[in-house]
Amino acid sequence: MAAAQDPILPASARVVVIGGGIIGCSVAYHLAHLGCEVLLLERDRLTSGTTWHAAGLIVTFGSTSETSTEMRKYSRDLYTRLPAETGQETGFRPCGFIEVAADADRLEEYRRVAAFNRLMGIDVHELSPREVGELFPLARVDDILAGFYVKEDGRANPVDVTMALAKGARLKGARIVEGVAVGRVLSRGGAVAGVETSHGTVQCETVVNCAGMWARELGASSGVNIPLQAAEHYYLITGPLAGIARDWPVLEDPGSYGYYREEGGGLMIGLFEPEAAAWKVEGVPKNFSFGEIEPDWERMTPFLEKAMARVPAAQAAGIKKFFCGPESFTPDLLPIVGPAPELKNYFVAAGLNSIGILTGGGIGRLLAHWIFTGDPQADVTGIHVDRLHRYQSNPEYRRTRTVEALGMVYRCHYPTRSMASARGARRSPLHDRLAARGAYFKDVSGWEGADWYAPLGAEPKVERLSWGRQNWFPYWRAEHEACRNGVILMDMSFMSKFVVQGRDAGRVLDWLSANNVDGEPGRITYTQWLNERGTIEADLTITKLDDGQFLVVASDTAHGHVLARLRRHCEERHAFATDVTGAQAQINIQGPRSRELLQALTSADLSNDGFPFRCAREIDLGLARVLAIRITYLGELGYELYVPAEQATHVHERLVAAGERVGMRHAGLKALASLRMEKGYRDYGHDIDNTDSVLEAGLGFAVDLKKPGGFIGRDAVLAKKAAGPLTRRLLQVLVLDPEPMMFHAEPVFRDGRPAGYVRAASYGHTLGGAVGLAMIDAGEPIDQAWCEAGRWEIDIAGKRYPARASARPMLDPQARRIRA
Ligand SMILES: Cc1cc2nc3c(=O)[nH]c(=O)nc-3n(C[C@H](O)[C@H](O)[C@H](O)COP(=O)(O)OP(=O)(O)OC[C@H]3O[C@@H](n4cnc5c(N)ncnc54)[C@H](O)[C@@H]3O)c2cc1C
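Residues numbered from 1 in each chain as written. Predicted model: local features only at pLDDT ≥ 70, side-chain atom pairs only at ≥ 80, totals over all residues. Heavy atoms only, no water.

Draft legend 1. Main features of the overall build of the chain. Across its full length, the chain carries 19 helices and 37 strands. Relative to the compact-globule value of 28 Å for 820 residues, the chain shows a C-alpha radius of gyration of 27 Å, a close match. With respect to the three principal axes, the spread of C-alpha positions in the chain is 80 × 65 × 55 Å. Out of the 820 residues belonging to the chain, those deemed buried represent 62%. Sequence-distant contacts, at least 24 apart, represent 72% of the contacts inside the chain between residues at least 6 apart. Element-wise, carbon and sulfur atoms account for 49% of the exposed surface of the chain, whose accessible area totals about 30,400 Å². (Helix = DSSP H or I, 4+ residues; strand = E, 2+ residues; numbered from the N terminus. Rg over C-alpha atoms; globule rule 2.2 N^0.38 Å. Buried < 20%, exposed > 50% of the residue type's maximum accessible area, 1.4 Å probe, protein only. Contact = heavy atoms within 4.5 Å. Areas by Shrake-Rupley, 256 points an atom, 1.4 Å probe, with all protein chains shown as cover.)

Draft legend 2. Up close: the nonpolar core. Ranked by internal contacts, the top residues of the largest apolar core, which has 77 residues, are Val-17, Leu-31, Phe-61, Phe-148, Val-208 and Leu-367. Here Leu-31 is in contact with Val-15, Val-17, Cys-36, Val-38, Ala-368, Ile-371 and Phe-372, once residues within four sequence places are set aside. Counting 66 residues, the second-largest nonpolar core is a separate cluster that includes Leu-127, Ile-226, Trp-248 and Leu-267. (Core = buried A, V, L, I, M, F, W, Y, C linked by side-chain atoms within 4.5 Å.)

Draft legend 3. Molecular detail of the pairing of strand β1 (residues 12–18). Within β1, five of the seven residues are buried, which leaves the element mostly enclosed by the surrounding structure. Across six bridges, the pairing between β1 and strand β11 (residues 200–209) is parallel. Pairing of Val-15 across the sheet is with Thr-206, part of β11. Across four bridges, the pairing between β1 and strand β2 (residues 38–42) is parallel. Bridging from a neighbouring strand, Val-17 pairs with Leu-40 of β2. Remark: the β1/helix α1 (residues 22–33)/β2 crossover connection has right-handed handedness. (Pairing = 2+ DSSP bridges. Right-handed = clockwise from strand over helix to strand, strands pointing away.)

Draft legend 4. Quick peek at the site of the ligand. Taken together, 36 residues form the shell around the ligand, and within it Glu-42, Arg-43, Thr-51, Glu-327 and Leu-358 come nearest. In this structure, Ala-55 approaches the ligand through a main-chain N or O atom, which is 3.0 Å from a nitrogen atom. In isolation the ligand exposes 1,000 Å². Once the protein is present, 97% of that is buried. Every element with two or more residues in the shell around the ligand is listed here: α1, β2, β12 (229–238), β16 (319–329) and α9 (356–373). (Near = heavy atom within 4 Å. Polar contact = N/O pair within 3.5 Å; in protein donor to acceptor, adjacent residues only side chain to side chain.)

Draft legend 5. Expanded view of the side chain of Asn-225. Mapped onto the secondary structure, Asn-225 falls in the loop between α6 (215–220) and β12. You can call Asn-225 buried: its relative accessible area is 6%. Among the polar contacts listed, one links the side chain of Asn-225 to the backbone oxygen of His-389, at a separation of 3.0 Å. When neighbours within four sequence positions are excluded, Asn-225 is seen to be in contact with Glu-342, Val-385, Leu-388, His-389, Arg-390 and Ser-393.

Draft legend 6. Expanded view of helix α7 (residues 297–309). Given a rise of 1.5 Å per residue, 13 residues ought to cover 18 Å, and the 17 Å separating the end C-alpha atoms of α7 matches this to within 8%. The largest bend in α7 comes to about 30 degrees, at Phe-303. Burial in α7 covers these residues: Arg-299, Met-300, Phe-303, Leu-304, Ala-307 and Met-308. Summarising the contacts, the buried residues of α7 are in contact with β12, β14 (258–263), β15 (266–271), α8 (313–316) and β16. (Expected span 1.5 Å × (residues − 1). Bend = angle between axes of the 7 residues up to and from the residue.)

Draft legend 7. The sheet that holds strand β30 (residues 638–644), seen in detail. What the six strands build is an open sheet, ordered β28-β29-β30-β27-β21-β31; its pairing is mixed. Two strands in the sheet have a free side with no partner beyond their single neighbour: β28 (616–621) and β31 (665–666).

Draft legend 8. How the structure looks around the layout of surface pockets. Here the second largest pocket is characterised by a volume of approximately 400 Å³. Around the second largest pocket, the lining is made up of 18 residues, and of these Pro-341, Glu-342, Gly-560, Leu-563 and Ala-564 lie nearest the centre. Partitioned by chemical class, the residues of the lining of the second largest pocket number five nonpolar, six polar and seven charged. (1 Å grid on protein atoms, 1.4 Å probe; cavity = no way out; pocket = protein on both sides within 12 Å on 5 of 7 lines; lining within 4 Å. Points joined across faces, edges and corners; volume = space filled by probe spheres on them. Nonpolar A, V, L, I, M, F, W, Y, C, P; charged D, E, K, R; others polar.)

Draft legend 9. Broad picture of the packing of α1 against helix α5 (residues 158–171). Between α1 and α5, the least distance of the axes is 8 Å, while the angle of their chain directions is 30 degrees. Put simply, α1 runs roughly parallel to α5. The two elements α1 and α5 cross, and the hand of that crossing is left-handed. Listed contacts from α5 to Ile-22, Cys-25, Ser-26, Ala-28, Tyr-29, Ala-32 and His-33 of α1 are Val-161, Thr-162, Leu-165, Ala-166, Gly-168 and Ala-169. (Axes fitted to C-alpha atoms, helices over the stretch in contact; angles between N-to-C directions. Parallel < 35°, antiparallel > 145°, perpendicular 65-115°, else oblique. Left-handed = near helix turned anticlockwise from the far one by under 90°.)

Draft legend 10. The arrangement of the pairing of strand β4 (residues 97–101) in detail. For β4, a buried count of five out of five residues is recorded, marking the element as mostly surrounded by other parts of the structure. Judged by which residues are buried, β4 turns out to be covered on both faces: Phe-97, Glu-99 and Ala-101 on one side and Ile-98 and Val-100 on the other are all buried. The sheet contact formed by β4 and strand β13 (residues 250–253) spans three bridges and is parallel. Note that in β13 the partner of Phe-97 across the bridge is Val-250.

Draft legend 11. Quick peek at the packing of aromatic side chains. The final tally for this structure, using the stated rule, is 27 aromatic pairs. Considering the side-chain rings of Trp-472 and Trp-476, the 5.8 Å spacing of their centres and the 45 degrees angle between planes classify their relative orientation as tilted. A single burial state applies to Trp-472 and to Trp-476, both of which are buried. Ring pairing ties together the aromatic residues Tyr-440, Trp-452, Trp-472, Phe-473, Tyr-475, Trp-476 and Tyr-763, which thus form one cluster. Above the plane of the ring of Tyr-257 lies Lys-306, whose end atom (NZ or CZ) is 5.7 Å from the centre. Sitting over the face of the ring of Tyr-763, Arg-469 holds its NZ or CZ atom 5.0 Å from the ring centroid. (Phe/Tyr/Trp six-rings, centres within 6.5 Å; stacked < 30°, edge-to-face > 60°. Lys NZ or Arg CZ within 6 Å of the ring centre and 35° of its normal.)

Draft legend 12. Inspection of the pattern of salt bridges at higher detail. In total, this model carries 53 salt bridges according to the counting rule given. Among the ionic pairs, Glu-126 bridges to Arg-111, the shortest N-O distance being 2.7 Å. One end of the pair, Glu-126, is in strand β5 (residues 124–127); the other, Arg-111, is in helix α3 (residues 104–119), and 15 residues separate them in sequence. Given a relative accessible area of 31%, Arg-111 falls into the partly exposed group. Its salt-bridge partner being Asp-692, residue Arg-728 comes within 3.3 Å of it at the nearest N-O pair. A residue pair is termed long-range when its members are at least 10 positions apart, and Arg-728 in strand β32 (residues 728–735) and Asp-692 in the loop between α17 (669–678) and α18 (714–722) qualify at 36 residues. Pair check on accessibility: Arg-728 and Asp-692 agree, each one buried. One continuous salt-bridge network, built from bridges that share partners, spans Asp-689, Asp-692, Glu-696, Lys-720, Arg-728, Arg-759 and Asp-777. (Salt bridge = Lys/Arg side-chain N within 4 Å of Asp/Glu carboxyl O.)

Shown next, in the form of structure tokens:
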């Protein structure tokens, strides 16, 4: 322990932040600036974990997430102004940053990223190879295609940044105590009550686990799941190089696994090797401070050689230091942030995946607002701690996934790429049958999800990832068309399913839901759950099976969030939520011939009168009894079948046999995406999120403002309505040229002016072009006439394409197909 004297701790604090790396100090800084009483406890000295040895790249370029981009911009600005505020330097120097594209696919990726980043206010310039060479004369540029340059980016000193944040926090009244380790978080009645430390107990209302690579084990001691894993992370420092200058920009060439910047008259070459190594899977030593890891030269030499080839002079400069330090990586390369579902008032900010310095300011601001006001003020659906699953903390999972995760930072981020490691952990009961029918699987929250099916005789294999049409494009089109014109079977067993029972179950669900979900039994209702601000927390269906018995269904990614919210609201009521996700398969039969197919297998009356839209009823199907619900997410007549897991294969057999007579096809998740997108159906966490008012999301039709008793967020919805016509709204957009593909983050222009960006997209095989949902900020009232009056364009990889925008679904706006 470094502390000279025994630290004296206060008996209590409102918030205790655990860990004095950049993240803990940033959280404390921002809490203190909000006027919140905060105590930060650091086991050893500030920065002694991972922060002290970071390279300090400060880069705003590179993300297509609005949340991450805003955090990057904010952090850069904060590090620029902290010295004036605190008197402590941050070492930030805006020497510039260049991302190099050395192949056509990366060029396409960076052009798409650059378009989005420009929309977010980042001044990105595409440079020719010659211009890259002029800015970084030691780089080899004859084999590159372009560079993407942000003049205002650069580098900082991570230790100085952290010290400046700590000083700024202290100036606003935060207490920061070094040499105190938190052993355990204390709880009472399911909520945080304090911390037990090496120097006594401190009572508190809230804790924030910012313990870096130790966060997983600290969380586990309170039952909180934080599946991060430390990995070896390297940079090399060469001897002096003639001609190098401190004001050269940072250069990054992901194709060569390296980034390059001046360091002490030589070069720092940082590495993200394609196959990494996890470090200390069994647990990080408690006394590891300012530590280094013995470099694995044998493993790293081939990657190092490739990286050095980008700056050939580096090879002759000699190696001053080959440094290896641990950094935390997460299963999906996104940080782990927010309130833990397992314990009230337990917050987490950890797992920074090598960008903890360049996003540190933003993470601290976001979390401080979340703690202090309940509103993170950003889309947190992708980074929320509750998206992760307990099995992801298994040693084998962490060991294998981490090998892939670190390298993924520098791979080309093809939008259809799925992580390939630690697969097969969760499988539908139909998995083997779907595989036998040619399914190509992707990772869907750890489930093996059938993405598309290769036809008989073809292999379910991606021949080459790309930004365009891949070898499976025709298979996808055929599945899409089969749903529009015939009938398809889609396995959706990965959907999150909860049974809610009890005398108060209806009341609890009606209070949570913006729609009326507690009417007649035997009916399914589409609804959102809102927060007090009237923005969306969940998007789901609720089926009233009987009085006091409901089935709640949400997407796979919402599992933890929905269950946590349900359980919190069931507390102290006679209402009980049971997770039945694995107990029930969900098989979708959709398309104009779906009724004909199902009717051949059941004695139940499936006619329009006997089984209308939104009807939910148990029916016989062969030797099974299934819950059949007439509903669609694809825009067609269709049914969801909820089948006890042990009867799923039997039901599948019967469906396949009867399906032969009507030309039934199996369809995968690519078809799900294209079919639902043509109809403008929303997907929470993709095109709508926690920052959107339910009205702006275009879901006012699913809000029942008149239901007795009201619901969470009702006042905010009423206030929004009273404020006048909407000037921000989610619109469907369609590219008129059938060729280009959209995925996410493409900027949208109306009459030549930026209007928003595409939140999620697919290809509309029926509409005849790329189709997406875009949040449009107009500054004037938006309605259908306004949409039709505009001249719309969408920027795809730097080229603008004419487009259409609509507030109404472009496909079947009267919903005739659904009610057929
Ligand atoms: C080689 C290398 C280069 C990097 N380069 C960059 C870069 O250029 N740009 C960038 O943005 N990021 C970079 N990073 C990543 C960056 O360093 C990390 O993301 C960041 O430092 C993580 O900060 P943290 O606060 O989460 O963790 P840490 O710095 O590890 O802080 C956690 C703190 O918690 C303390 N602690 C743990 N347990 C307890 C307990 N029980 N009680 C009290 N205290 C506790 C620890 O002592 C530690 O100080 C790099 C990382 C490496 C390894």
